[in-house]
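One letter stands for each residue in the lines below.
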Amino acid sequence: MAFLFGAYNLGRYLSMGHAGEAFAHAHRLIQLQSQLGLPSEASVQRAALHVPDLAQTANRYYEFVHFPLTALVLLWLMIRRAAQYPKARWALASLTGLALIGHLVFPLAPPRMMPGWIDTGALLGQSVYGPDAQSGLANQFAAMPSLHVGWALMVAVFMIRATRSRWRWLWIAHPVLTFTVVVVTANHYWSDGLIAITLAVPLLIVFRPKQFKPNGRVRRDSAPALLGATDQSAGVVAVASSSSARTR
């Protein structure tokens, strides 16, 4: 993960000189999405801005949920589901590596930099980026694919696999909300999220855990029960043998 973080920052510096290419890619992608009949993200954003406090909530979700929740889920898997953690780690790292390649090969200006969209973060004073494309720690031309959507999908699948509660399916809400948030905040196009999902699904299949263990360990109350059953069975056999000997 530290290596990927270093590579990400390297990608940020390498992309600084490709602003013109990033905006050209954005114009072509917008035209392609229109030809494919995908709904305009700008229309979705305008509708969302008419709902009180929705944009503020979306900005906070974009800033405070994406990385912290991913880190917490990985930490929980490492502690409570140690057998499943390596698969999850490699799936997430592989997706991040593929995304880094995409960011370098196909620099893309996000919708908030394009005419017709509103940068809700800058508008409401909640921007996680700097005042221009070259400032801040993040590579602002790394829109394709969306790691927000890809990581959110993986986190949901990790938790659904690792738990058996009937409420575990609520984790599906996380990638759905994340996809909605990145569109409402004009940080990603539909295509960014769809490509991220296309990359994530095969990785989730390849790095699928071989065996599920409910708690990742033997339950504390299971050993005595098993031992009791064994002792009882042994007692039944001993009584039967004794009875048989007396009969003979």
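Scroll up to find the structure.
Conventions and cut-offs
- Sequence order sets the numbering: in each chain, residues are counted from 1 along the sequence as written.
- It should be noted that, the model being predicted, local features are given only for residues of pLDDT at least 70 and side-chain atom pairs only at 80 or more, the latter also being counted only at that level, while totals for whole chains, interfaces and linings use all residues.
- Excluding hydrogens and water, the side-chain figures rest on all heavy atoms present in the structure.
- Helical segments are the DSSP runs of H or I of at least four residues, strand segments are the runs of E of at least two, and each set is numbered from the N terminus.
- What makes two residues a contact is simply this: any of their non-hydrogen atoms within 4.5 Å.
- Classification of ring pairs rests on two measures: the distance between centres of Phe, Tyr or Trp rings, Trp counted by its six-membered ring, which must be within 6.5 Å, and the angle between planes, read as stacked under 30 degrees, edge-to-face over 60 and tilted in between.
- Here's how the labels work: a residue is buried when its accessible area is under 20% of the maximum for its type, exposed when over 50%, partly exposed in between, all with a 1.4 Å probe on protein chains only.
- The distinction between a cavity and a pocket rests on a 1 Å grid over the protein atoms alone: a 1.4 Å probe fits inside a cavity but cannot get out, while a pocket stays open yet meets protein on both sides within 12 Å along at least five of seven lines, and a residue with an atom within 4 Å of a point counts as lining.
- Grid points are joined across faces, edges and corners, and a volume is the space filled by probe spheres set on the points.
- In this count, Pro and Cys sit with the nonpolar residues alongside Ala, Val, Leu, Ile, Met, Phe, Trp and Tyr, while Asp, Glu, Lys and Arg are called charged and the others, Gly among them, polar.
- Fitted lines through C-alpha atoms give the axes, limited to the stretch in contact for helices. The angle between two N-to-C directions lies from 0 to 180 degrees.
- Angular relationships are summarised with four words: roughly parallel below 35 degrees, roughly antiparallel beyond 145, roughly perpendicular across 65 to 115, and oblique for the angles in between.
- Multiplying 1.5 Å by the residue count of a helix minus one yields the expected span of that helix.
- The set of buried Ala, Val, Leu, Ile, Met, Phe, Trp, Tyr and Cys residues whose side-chain atoms join them within 4.5 Å is what this entry labels a nonpolar core.
- By the criterion applied in these results, polar contacts are pairs of N or O atoms within 3.5 Å in which, for protein atoms, one can donate a hydrogen and the other can accept it, and in which residues neighboring in sequence qualify only through two side-chain atoms.

Participant: Teacher, can you tell me more about the environment of Met159 here?
Facilitator: With respect to the secondary-structure elements, Met159 resides in helix 8 (residues 147–162). Excluding its chain neighbours within four sequence positions, the residues that come into contact with Met159 are Val73, Trp76 and Trp171.

Participant: Would you mind going over the packing of aromatic side chains with me for this structure?
Facilitator: Here a ring pair, both rings aromatic, is described through the centre-centre distance and the interplanar angle of the planes. Inspection of the entire model under this criterion finds 4 aromatic pairs. Taking 6.1 Å as the distance between ring centres and 85 degrees as the angle between the ring planes, the aromatic pair formed by Trp117 and Tyr189 counts as edge-to-face. In this pair, Trp117 sits in the loop between helix 6 (85–105) and helix 7 (120–124) while Tyr189 sits in the loop between helix 9 (173–184) and helix 10 (190–206), placing the two residues 72 residues apart along the sequence. Of the two residues examined, Trp117 and Tyr189, each falls in the buried class. When the ring of Phe179 is compared with that of Trp190, the centres are 5.8 Å apart and the planes differ by 50 degrees; the resulting orientation is tilted. With Phe179 in helix 9 and Trp190 in helix 10, the pair connects residues that are 11 residues apart, well separated along the chain.

Participant: What am I meant to see in empty space enclosed by the protein here?
Facilitator: Summary: where empty space remains is shown by rolling a probe the size of a single water molecule over the atoms. Using the criterion set out here, one finds 5 cavities of 30 Å³ or more in the structure. Considered as a void within the structure, the largest cavity measures approximately 70 Å³ in volume. Around the largest cavity, the lining residues are Asn59, Tyr62, Arg112, Asp119, Gly121, Gln126, Ser127, Val128, Tyr129, Thr185 and Asn187. Tallied by class, the residues present in the lining of the largest cavity amount to 3 nonpolar, 6 polar and 2 charged.

Participant: Can you walk me through the packing of helix 8 against helix 9 in this structure?
Facilitator: A pair of packed helices can be characterised by two numbers: the angle between their axes and the separation between those axes. In the contact formed by helix 8 and helix 9, the axes pass within 8 Å of each other and the chain directions differ by 170 degrees. Taken together, helix 8 and helix 9 sit at an angle that is classed as roughly antiparallel. Here helix 8 contributes His148, Val149, Ala152, Leu153, Val155 and Ala156 to the contact with helix 9, which in turn contributes His174, Pro175, Thr178, Phe179 and Val182.

Participant: Looking at this structure, I do not really get helix 6. What am I missing?
Facilitator: In this model helix 6 runs 30 Å from its N-terminal to its C-terminal C-alpha over 21 residues, within 8% of the 30 Å that 1.5 Å per residue would give. Within the span of helix 6, buried status applies to Tyr85, Ala88, Ala91, Leu92, Ala93, Leu95, Thr96, Ala99, Leu100, Gly102 and His103.

Participant: Is there a simple way to explain the nonpolar core in this structure?
Facilitator: In terms of nonpolar packing, the biggest core is built from 21 residues, with Leu77, Leu95, Met154, Phe158 and Leu204 touching the most fellow members. Elements with a contribution of two residues or more to this core: helix 5 (66–80), helix 6, helix 8 and helix 10. The greatest single-element share of this core, amounting to 9 residues, is contributed by helix 8. Non-local contacts of Phe158, meaning those with residues more than four positions away in its chain, are made with Leu77, Ala88, Ala91 and Leu204.

Participant: Could you clarify how one ought to interpret the side chain of Ser191 in this entry?
Facilitator: On the secondary structure map, Ser191 appears in helix 10. A distance of 2.6 Å separates the side chain of Ser191 from the side chain of Gln33, its partner in a polar contact. In this structure Ser191 touches Leu29, Gln33, Leu38 and Met144, once residues within four positions along its chain are discounted.

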